[in-house]
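A structural walkthrough
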Amino acid sequence: MDVILRRATIAGREAEGALDIGIAGGRIAAVSPVLDAIGPAIDLDGRLVSPGLVETHIHLDKTCIIDRCRIAEGTLGEAVSETAKAKKSFTEEDCHARGARTLENCIRNGTMLMRTHVEIDPGIGFRGFDAILRLAQDYAFAIDMEICVFPQEGLTNFPGTEPLLAAALGKGARILGAAPYTDTDPRGQIDRIFVMAREHDVDIDMHLDLGDSPEDMHVEYVCAATEKHGWGGRVAVGHVTRLSTVPAPRFAAIARRLADTGVAVTVLPSTDLYLTGRGQDHSVMRGVTAAHRLVERGVNCSLSTNNILNPFTPYGDGSLIRMANLYANVAHVGTQAGLAECFAMVTSRSARLMRRPDHGILEGSAADLVVFDCRSTAAAVAELQSPVFGLKGGRLTFARPRSVLRMPGHVDSLAEMRQLLRGNVECHGKAGR
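Okay, so let's go over this structure. Every value quoted in this text rests on a predicted model; they were computed, and no experiment measured them.

**Some points on helix H10 (residues 320-330)**
Of all 11 residues in H10, 8 are buried; the element is thus mostly enclosed. Where H10 begins, the capping side chain belongs to Ser319, and its oxygen is found 3.4 Å from the backbone nitrogen of Ile321. Count one or two residues on from H10 and you reach His332, which has phi positive near 60 degrees.

The following block contains the structure:
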């Protein structure tokens, strides 16, 4: 074996107790209570080992632009407008540098599989897309990335956008996105996206139904289109904040429709909380759709980040565990089973949304593993546990030294303090800093 993780608690298999994980050739060679094998070993003493965390919805092309934008209203309309203005000055190198800053934070927080959404239109062209394509190559040592291209500023109302989307699919984008809420003909955009997806044989991931009321929802129309085109299991919708405002009977009916047609849902707690309820001065709505209630009704759901340090979300650190914890707080999830489900929505369920059935701790799977200093997935979410270290293909890609409480009388030398700073959350690889 290249390395053996001894006495690991495997995510989702906590009841089995401590298990050994053998890694060879970048893959998991064996999982056993006591692995009789030779090789370098790390005794985890019961610490939690999870498959790499999975980010299904993030925007690396427009991250870290908060210093270029004006935030006065905090509304969706303002965010779209301010980002559109900032986008005019984007260069490929600028997008690459900002994207790298956020991507490295995601990696340090345990993300090893990512779907990043990238805007395509005649204004921005391929500047953002080419930058993110380079990032995917530069950081392949630590994370697998797929690009979803979409028309943020409209499709039917923005001539020239559709051929650019098609060209991006030919250049390496694997997913086709949408933003019907910015289009003068929302259903027209949805129809065109489904036709294009079939023509190019790609999955669909839409920004859908952002708003503070149940009016003008399109989720049921998307379900109907999914059924019509036979695209079940290949469609995801993100945000759907309007769904959080419907009465329980309609919520249940829409959940059944989503489950029956195979449409997955991604909830983006930070952005959805920030943008919704802006017109209310008391009893302000949360605007976060109850993903765990959808899961109970057979819908596959993920929790994700969306934006970081821009007008859509003026904060963030790339931690999916923080997103899971934030969701649990907002959605009143407190049971151990419920918290474990929140963890699943940033790991196994997210991998299922991205159609990655081999993502897991199974013999033959890639050794993409994250270690947490706790004993269960529920504890990881409840305690906001940061990962201790991660292995991508069996190779160490990041390490986060455990904090140490210095009792009175202990004096660190300057050399020791410098070493602590150097060792704090280090990323290992050719693109690391």
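**Remarks on empty space enclosed by the protein**
Within this structure, the stated rule accounts for 1 cavity of 30 Å³ or more. Volume-wise, the largest cavity comes out at about 50 Å³. Lining of the largest cavity is provided by His59, Lys62, Gln152, Tyr181, His207, Leu210, His239, Thr271, Leu275, Asn306, Asn307 and Phe312. Here the lining of the largest cavity is built from residues that sort into 4 nonpolar, 7 polar and 1 charged.

**Topic: the sheet that holds strand S9 (residues 175-178)**
Read across the sheet, 8 strands follow the order S6-S7-S8-S9-S10-S11-S12-S13 without closing on themselves; strand pairing throughout is parallel. This sheet does not close on itself; its edge strands, each paired only once, are strand S6 (53-58) and strand S13 (301-303). The mean angle between the axes of side-by-side strands here comes to 20 degrees, regardless of whether they run parallel or antiparallel. Two strands pair when backbone bridges link them, and S6 and strand S7 (residues 111-119) are joined in this way by 4 bridges, in the parallel orientation. In the sheet register, Leu53 faces S7, and the bridge partner there is Thr111. Its contacts with the sheet put H10 on S6, S7, strand S12 (263-267) and S13, and the angle it makes with S6 is roughly 75 degrees.

**What to know about the pairing of strand S10 (residues 203-208)**
Among the 6 residues in S10, 6 count as buried, and that is most of the element. The alternating pattern of S10 places Asp203, Asp205 and His207 and Ile204, Met206 and Leu208 on opposite faces, both of which are buried. Bridging between S9 and S10 involves 4 bridges; their strand directions are parallel. Paired with Leu176 across the bridge in S10 is Ile204. With respect to chirality, the unit in which S9 leads through helix H5 (residues 186-200) into the neighbouring parallel S10 is right-handed.

**Considerations on the nonpolar core**
Val149, Met206 and Tyr327 are the most contacted members of the largest nonpolar core, which totals 90 residues. Broken down by element, this core gets its largest block of residues, 6 residues, from H10. With sequence-adjacent residues up to four places away left out, Met206 is seen in contact with Ala178, Ile190, Ile193, Phe194, Val222, Ala236, Val237 and Gly238. Core analysis: the second largest hydrophobic core is formed by 17 residues, Ile10, Ile21, Ile28 and Ile361 among them.

**Thoughts on the packing of aromatic side chains**
Evaluation of the coordinates by the stated rule reveals 4 aromatic pairs. Ring geometry for Tyr274 versus Tyr315: centroids 5.8 Å apart, planes at 85 degrees, classification edge-to-face. Separated by 41 residues along the polypeptide, Tyr274 in helix H8 (residues 269-275) and Tyr315 in the loop between S13 and H10 bring together distant segments of the chain. A relative accessible area of 11% means that Tyr274 is categorised as buried. Residue placement shows Lys171 over the ring face of Phe126; its charged tip is 4.3 Å from the ring centre. Its guanidinium or amino end placed over the ring of Trp231, Arg234 lies 4.4 Å from that ring's centre, counting from NZ or CZ.

Here is what the cut-offs are and how they apply
Position numbers for residues start from 1 in each chain and track the written sequence from start to end. Confidence filtering applies because this is a predicted model: local features only for residues at pLDDT of at least 70, side-chain atom pairs given and counted only at 80 or more, and all residues used for totals across whole chains, interfaces and linings. Derived side-chain values reflect all non-hydrogen atoms in the structure, with water molecules and hydrogen atoms excluded from consideration. The classification of residues rests on relative accessible area computed with a 1.4 Å probe and restricted to protein chains. Under 20% of the type maximum is buried, over 50% is exposed, and intermediate values are partly exposed. Each helix is a run of H or I in the DSSP string that is no shorter than four residues. Each strand is a run of E no shorter than two, and both are numbered from the N terminus. Two N or O atoms count as a polar contact when they lie within 3.5 Å, although within protein this holds only if one can serve as hydrogen donor and the other as acceptor, and sequence-adjacent residues are included solely when both atoms are side-chain atoms. A pocket, in this scheme, is an open set of points on a 1 Å grid over the protein atoms alone with protein on both sides within 12 Å along at least 5 of 7 lines, while a cavity is a set where a 1.4 Å probe fits but cannot get out; residues line either one if an atom lies within 4 Å of a point. Grid points are joined across faces, edges and corners, and a volume is the space filled by probe spheres set on the points. Three residue categories are used. Nonpolar comprises Ala, Val, Leu, Ile, Met, Phe, Trp, Tyr, Cys and Pro, charged comprises Asp, Glu, Lys and Arg, and polar comprises the others, including Gly. For two strands to be treated as a pair, DSSP must find at least two bridges joining them. To obtain an axis, a line is fitted to C-alpha atoms, over the contacting stretch when the element is a helix, and the angle between two such axes runs from 0 to 180 degrees between their N-to-C directions. Here, two residues are considered to be in contact whenever any of their heavy atoms come within 4.5 Å of each other. With the strands pointing away from the viewer, any crossover whose connection runs clockwise from the first strand over the helix to the second is right-handed. By nonpolar core we mean a set of buried residues, namely Ala, Val, Leu, Ile, Met, Phe, Trp, Tyr and Cys, connected to one another through side-chain atoms within 4.5 Å. Note on ring pairs: Phe, Tyr and Trp rings are taken, using the six-membered ring of Trp, and paired if centres are within 6.5 Å. Classes follow the plane angle, with under 30 degrees stacked, over 60 edge-to-face and the rest tilted. For a lysine, the NZ atom is tested; for an arginine, the CZ atom; a charge sits over a ring if that atom is within 6 Å of the ring centre and within 35 degrees of the ring normal.

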